[in-house]
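Chains, contacts and geometry: an overview
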Amino acid sequence: MSEFADLIARAVNPSMTREARESVYGVVKEAVQRLQTRDGMEADDPRIALQQHLVEETIRDVEADIARFVALEKLERAHAAQVADEAAAARRR
């Protein structure tokens, strides 16, 4: 499943809007459904529920990674601004 997560993670990036990422996730879900149909899985096949759960879990994991990435970027920018402010204040003394 890690290859699947990597594939999804490569298809989206933090600079994309949430709507754009949701569109990619929709394509992924449709692809999984087509594979299930191709494999002849019936609607009541328990593997379908498991695969859907794994897809949703992977999407949540990717979204969590993106949220962490964005938060770290914000923290780094805030720290850089703080350091710059402190340096400017030190020069004024």
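Residues numbered from 1 in each chain as written. Predicted model: local features only at pLDDT ≥ 70, side-chain atom pairs only at ≥ 80, totals over all residues. Heavy atoms only, no water.

1. Re the pattern of salt bridges
Counting across every chain of the model gives seven salt bridges. Its salt-bridge partner being Glu56, residue Lys29 comes within 2.8 Å of it at the nearest N-O pair. Here Lys29, found in helix α2 (residues 18–38), pairs with Glu56, found in helix α3 (residues 46–92); they are 27 residues apart in sequence, far enough to count as distant. For Lys29, a relative accessible area of 32% puts it in the partly exposed group. When the shortest N-O distance is used, the salt bridge between Asp65 and Arg68 registers 2.2 Å. Of this pair, Asp65 and Arg68 both sit in helix α3, three residues apart, roughly one helical turn. (Salt bridge = Lys/Arg side-chain N within 4 Å of Asp/Glu carboxyl O. Helix = DSSP H or I, 4+ residues; strand = E, 2+ residues; numbered from the N terminus. Buried < 20%, exposed > 50% of the residue type's maximum accessible area, 1.4 Å probe, protein only.)

2. So, the nonpolar core
Listed in full, the eleven residues of the largest apolar core are Phe4, Ile8, Val12, Val24, Tyr25, Val28, Val32, Val55, Ile59, Val62 and Ile66. When residues of this core are traced back to their parent elements, those giving at least two are α1 (2–11), α2 and α3. Excluding residues that lie within four positions of it along the chain, Val62 makes contacts with Ala5, Ile8, Ala9, Val12 and Tyr25. (Core = buried A, V, L, I, M, F, W, Y, C linked by side-chain atoms within 4.5 Å. Contact = heavy atoms within 4.5 Å.)

3. Describing the side chain of Thr58
Its location among the elements puts Thr58 in helix α3. Accessibility expressed as a relative area gives 6% for Thr58, which makes it buried. Separated by 2.8 Å, the side chain of Thr58 and the backbone oxygen of Leu54 make a polar contact. (Polar contact = N/O pair within 3.5 Å; in protein donor to acceptor, adjacent residues only side chain to side chain.)

4. Some points on α3
The end-to-end C-alpha distance of α3 is 69 Å, a good match for the 69 Å that 47 residues give at a rise of 1.5 Å each. Here α3 has its buried residues at Ile48, Val55, Thr58, Ile59, Val62, Glu63 and Ile66. (Expected span 1.5 Å × (residues − 1).)

5. Some words on the confidence of the model for the protein chain
Chain-level pLDDT for the protein chain is 91 on average; 98% of the residues reach the 70-or-more range. Within the protein chain, α3 carries the highest mean pLDDT (94), whereas α1 carries the lowest (79). (pLDDT = per-residue confidence, 0-100.)

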